[in-house]
Amino acid sequence: MSLLREHGPLTRAELGTLCGLSRTTLYDAVGGLMDSGTVLASIPAAAQRKRGRPAEVLALNPSAGHLLGIEFTRRAVRVAVMDAAHEIVGTAAEPHAHDTSRQARIDLAWRLAHSLTGQTLRPGTFRGIALGVLGPVASPDRDPLPAPWHNTVSALVRERFGAQVLIDNNTRLATLAETIWGAAAGERNVLYLRLSDGVGGGLVIGGTLHRGAHGRSGMFGHITVDPDGTPYTCGGTGCLETVASVGAVLDAYRATGGTAADIPDLVAALESDDRAAHSVLARVGAHVGRVLADVSHAVGPNLIVLGGELVDAGRALMAPIEHVLNTHAAQRSYEVPRVVPAVLGHSGTALGAIALLQQNMTRGVPGPQERAQVTLS
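Quick summary incoming for the structure in this document. This structure is a prediction, so every number in the text was calculated from the model and none was measured. (Residues numbered from 1 in each chain as written. Predicted model: local features only at pLDDT ≥ 70, side-chain atom pairs only at ≥ 80, totals over all residues. Heavy atoms only, no water.)

### Focus on the packing of aromatic side chains
Here the distance between the centres and the angle between the planes together describe a pair of aromatic rings. For the structure shown, the criterion picks out two aromatic pairs. Ring centres of W110 and F161 lie 5.0 Å apart, and the angle between their planes is 50°; on these two criteria the pair is classed as tilted. In this pair, W110 is assigned in helix 5 (residues 102-117) and F161 in helix 6 (residues 148-161), connecting sequence segments 51 residues apart. Here the aromatic residues W110, F126 and F161 are joined through ring pairs into a cluster of three or more. In this arrangement the basic side chain of R12 is found over the ring face of Y27, its NZ or CZ atom lying 5.2 Å from the centre. Its guanidinium or amino end placed over the ring of W110, R160 lies 4.1 Å from that ring's centre, counting from NZ or CZ. (Phe/Tyr/Trp six-rings, centres within 6.5 Å; stacked < 30°, edge-to-face > 60°. Helix = DSSP H or I, 4+ residues; strand = E, 2+ residues; numbered from the N terminus. Lys NZ or Arg CZ within 6 Å of the ring centre and 35° of its normal.)

Given below as structure tokens:
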């Protein structure tokens, strides 16, 4: 499929020369792709006018085999599309009001998908769809937790797009994407932490995305960091999310007399050497570093990836995190994990949704998963 994408229509003989497969293997592979509608065969008009049996040319079917990843957040819809040649066509996003209806968000995902594929969408255009959502989600091969919103949105997407739908937690999918195309590409033991409107993350252990018995793995935001701190909606007190979410950090800075409406304003304050801003980030980094050290003792990651808007604070956040890790992690037991910023940005979850689809479709097939090339603007 990659050769057909690169070179355009080819005869079987030309394809065999390029790929080096035996005639029997090649014909079996092409036959399977044609049966699935992924590859089309035709006879060029010029060949039809010649004597003898004309040679068929093979080409990718532009309307078959696409995979679609979608993330639904409180404020935006984000999508990513992969084509039949396992190439990422692109990513797209559009914000919406907090009270936008579920159906309107799904319609927005449809429009974004249309903009990426450049073709008229219809039921069956996508071979599979995966969604990234908030909250616990069990493994795709198990019954999901009772979650009316998850069940409803999954059914609405399936009805709108006419394709099978998988669903998983948004930060776990971002974790998966970073290990395939991002900052942790090739790593098999990774801890991912997202510091955004909420705080959550994911674990890849032995190359496999870890979900836990009830889909609750990666809920690092509910780990207590201040027993005398602020009560939280989960029933806990002083959870990491109460001090390290975007809203909590901005509130803490404003409590010192600073004025910041958003993270870019806070970053500007840091760049102007605002001591209060640096002090707030130092405290946040210390809390985050202690949680990462404790979790690292339990699961032993080789790499820690930090995502979310708060990572834009740069060294003001990363330095205290690294300091606490180097102080509290058991250095004599194993090498302290490196900490790096995520590189896929807001597209991470939608790309991770595509990776989830690929893994589900190739389950039980030996050999490494084929990796698409991702280029983000």
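Still to come is the rest of the account.
### Some thoughts on unusual backbone geometry
One non-glycine residue, D273, lies in the positive phi region at around 60°. Checked against the element boundaries, D273 lands in the loop between helix 10 (263-271) and helix 11 (275-299).

### Remarks on helix 12 (residues 315-328)
For helix 12, which comprises 14 residues, the first-to-last C-alpha distance of 19 Å matches the rise-based estimate of 20 Å (1.5 Å per residue) to within 8%. All buried positions along helix 12 are accounted for by A316, L317, M318, P320, I321, V324 and L325. Those residues of helix 12 that are buried lie in contact with strand 9 (190-195), helix 10, helix 11, strand 12 (303-307) and strand 13 (338-341). (Expected span 1.5 Å × (residues − 1). Buried < 20%, exposed > 50% of the residue type's maximum accessible area, 1.4 Å probe, protein only. Contact = heavy atoms within 4.5 Å.)

### Side note on the sheet that holds strand 11 (residues 208-210)
The mixed open sheet is built from five strands, whose spatial order is 11-10-9-12-13. The open sheet has two free edges, formed respectively by strand 11 and strand 13, since each of these has just one partner strand. Geometrically, the sheet is characterised by an average inter-axis angle of 25° between neighbouring strands, direction not taken into account. When strand 9 meets strand 10 (residues 199-205), the two strands line up antiparallel, connected through six bridges. Bridge assignment links Y192 to a residue of strand 10, and that residue is G202. Sitting on the sheet, helix 7 (residues 170-180) is in contact with strand 9, strand 10, strand 11 and strand 12, with an inclination near 45° to strand 10. (Pairing = 2+ DSSP bridges. Axes fitted to C-alpha atoms, helices over the stretch in contact; angles between N-to-C directions.)

### Thoughts on the nonpolar core
Core analysis: the largest hydrophobic core is formed by 41 residues, its most contacted members being L193, L266, L281, V288 and L292. Broken down by element, the residue count for this core peaks at nine residues, all from helix 11. Look past the residues within four positions of L292 in its chain and what remains in contact with it is L191, L193, I304, L306, I321 and L325. (Core = buried A, V, L, I, M, F, W, Y, C linked by side-chain atoms within 4.5 Å.)

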